[in-house]
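# Chains, contacts and geometry: an overview
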Amino acid sequence: MRKNRVLAAAMAAVLAMGSLAGCGNSSAPAEATTAAPAATSAAQGGEAAQAAPTEGGAWKAGDNVYVDVPAKAGGGTDLYTRYLTQALTEVCPGVNFIVTNYDTGEVGMEHVKNAAPDGLTLGTCHGGAIIQYLCGSSEVNIKEDMKVVGILNQGGPQAIIANADAPYKNFGELADYIKANPGDVVIGCSLGGTTQILFTALVEALVGDTSLVNFVQCSSEADKLTNVASGAINVANCSIPNAQSYDADGKLTILGTLGPKAATLESMSELLGSELDAKFASTQEQNIDVTWDSNYYVLAPKDTPDEICEAINEAIMKATEVQSFIDGNKAMATFIDAVDYSGSQEALNNEWTFLDDLVTSMGLKVR
C-alpha cells in the first residue's frame, strides 16, 4: 500500500476530472468565448476607456486577457476556468476575459508557454500536467517552462463509472470480478497521463495487479461517458454532476468516488447542497486504501515579471470569494483553496516531488 499512501499525500479530483479532463485529436483551438463583454472604447467615451487600474491591480479596464484551457469544453478544467473568469469580471470590471479551449492539450500548453510575458495570456491545468511531462506524453514542464500564479482549487472527487448492466455495483464487487475474469475489464483513460495513474493506483488497491485489466486510450470526459454508456469500454471516470445525469437516465452504473481525503458522502453532499446517493461512497468509505488529490493551477509564461504575477494572484484570491465561483465549485463538490503567490509555487513544488516519486515507483517515468 506504500504507493497508495504516497498518492494520498500527493494528490488533492478530478476532476476529470477532474474532473480530470483529457484531450482529443484536433490541434486547433475551439472558438474563443468571452466571459464578459468588451469594455467601451475611448472613441465611444466610456469610463472603461480611461485605462484606470482595476480593483485586482493586474490589468487595466479595456484589456483583453486570454485564458487557455488545454482541454475540450465541458470538462472539469474548462468549467473551473469559466467559474474563475466569471468571478474575475466582478473583481476586475471592464476587463474582457476570453476563454479558449484546445482539443489537443499539448497545443494549448505550448501556446501559453510561448506567449508574451505580459500577463495577458494565462493557462489553467490540474496536477496531471506534471504526470504527463514525467511520463513523456507532454513536452511542457509547468515548473520550468511556466510560472504558477495561483490555485483554483484542490480538485474534486471523480465518479468511477461502469456499464449500465455491469455485474459489479461497487469497488468490492469490481475487485472480485477482476480477479475472477482477468483481462476482461477495459478501462478508458489518458494513456501515460493523469487518469492512467489514477486507475493504476485504484486497481493496485483493489487487486494488487494492474495486468489483470486493460487500459485503452479515452481521454475526454464526453468520450468516456459515451463509450461507457455504449459498452465500448467498461470503466472510466467523470465528474459527479455528469455521473448523476447519466445515472438518472439509466445509462451507467456508479461504483463510487475517488477523490481527496476530505471527500466523503457527508462533505460532498454539503458542497452540493443536497444529499448524495450512497452509491457515490468514496474509496475510504468502501475501505479501499487510496485517495486522489490534485490542485488546479493558473499559469503564466515563465518570464512574466513577479510583480505582474503577484497582482494576478491577488485578483485570483479575490475571485475565489465571489459567490458565483463558490457556487460553481460547490456544484462539482470541489474544495476551494485560496493560496497566495509564493504559496502557489510551494504547492506546485510539493506536488511535483510527490508525483515524481509516485511515477518512478510505478515504473512510468521517462524523464
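A brief structural summary. A quick note: this is a predicted structure, and the numbers were derived from the prediction, not measured.

### A look at the overall build of the protein chain
Assigned secondary structure in the protein chain consists of 12 helices and 12 strands. With 367 residues in all, the protein chain has 57% of them scored as buried. About 13,800 Å² of surface is accessible on the protein chain, with carbon and sulfur atoms providing 47% of the total.

### Let's talk about the pairing of strand β5 (residues 121-126)
Burial analysis of β5 places 6 of its 6 residues in the buried class, the great majority of the element. By the alternation rule, side chains of β5 split into Thr121, Gly123 and Cys125 and Leu122, Thr124 and His126, which are all buried. In terms of strand pairing, strand β3 (residues 64-69) meets β5 through 3 bridges, oriented parallel. Looking at β5, one finds that valine 67 is bridged to leucine 122. Sheet topology note: the β5/strand β12 (residues 296-301) ladder contains 4 bridges and is antiparallel.

### Examining the packing of aromatic side chains
Applying the stated criterion across every chain, the model contains 5 aromatic pairs. Centroid distance tyrosine 80 to tyrosine 296: 4.7 Å. Interplanar angle 75°. Geometry classified as edge-to-face. Of this pair, tyrosine 80 sits in helix α2 (residues 76-91) while tyrosine 296 sits in strand β12, and the two are 216 residues apart along the sequence. Both residues of the pair, tyrosine 80 and tyrosine 296, count as buried. Between tyrosine 133 and tryptophan 352, the ring centres sit 5.9 Å apart and the planes meet at 45°, which makes this aromatic pair tilted. Linking tyrosine 133 in helix α4 (residues 128-135) with tryptophan 352 in helix α12 (residues 341-361), this pair joins segments that are 219 residues apart in sequence. Aromatic rings pair up to connect Tyr80, Tyr83 and Tyr296 into one cluster.

### Thoughts on unusual backbone geometry
One non-glycine residue with positive phi stands out, namely asparagine 287, at about 60°. When you line up the elements, asparagine 287 lands in the loop between α9 (265-272) and β12. The phi dihedral of alanine 333 is positive, around 55°, even though this residue is not glycine.

### Re the nonpolar core
Core analysis: the largest hydrophobic core is formed by 53 residues, its most contacted members being Ile142, Ile160, Phe199, Leu202 and Val235. For this core, the leading source of residues is helix α6 (residues 194-207), giving 9 residues. In this structure valine 235 touches Ile160, Ile161, Ala162, Tyr168, Leu174, Val185, Val186, Ile187, Gly188, Phe199 and Val228, once residues within four positions along its chain are discounted. Tyr83, Leu84, Ala311 and Phe325 belong to the second-largest nonpolar core, a separate cluster that totals 29 residues.

### As for the state of the cysteines
Applying the stated criterion across every chain, the model contains 0 disulfides. Lacking any disulfide linkage, cysteine 189 is separated from the closest cysteine sulfur, that of cysteine 218, by 8.6 Å. Taking relative accessible area as the criterion, cysteine 218 reaches 6% and is therefore assigned buried.

Conventions and cut-offs
Residues numbered from 1 in each chain as written. Predicted model: local features only at pLDDT ≥ 70, side-chain atom pairs only at ≥ 80, totals over all residues. Heavy atoms only, no water. Helix = DSSP H or I, 4+ residues; strand = E, 2+ residues; numbered from the N terminus. Buried < 20%, exposed > 50% of the residue type's maximum accessible area, 1.4 Å probe, protein only. Areas by Shrake-Rupley, 256 points an atom, 1.4 Å probe, with all protein chains shown as cover. Pairing = 2+ DSSP bridges. Phe/Tyr/Trp six-rings, centres within 6.5 Å; stacked < 30°, edge-to-face > 60°. Core = buried A, V, L, I, M, F, W, Y, C linked by side-chain atoms within 4.5 Å. Contact = heavy atoms within 4.5 Å. Disulfide = S-S within 2.5 Å.

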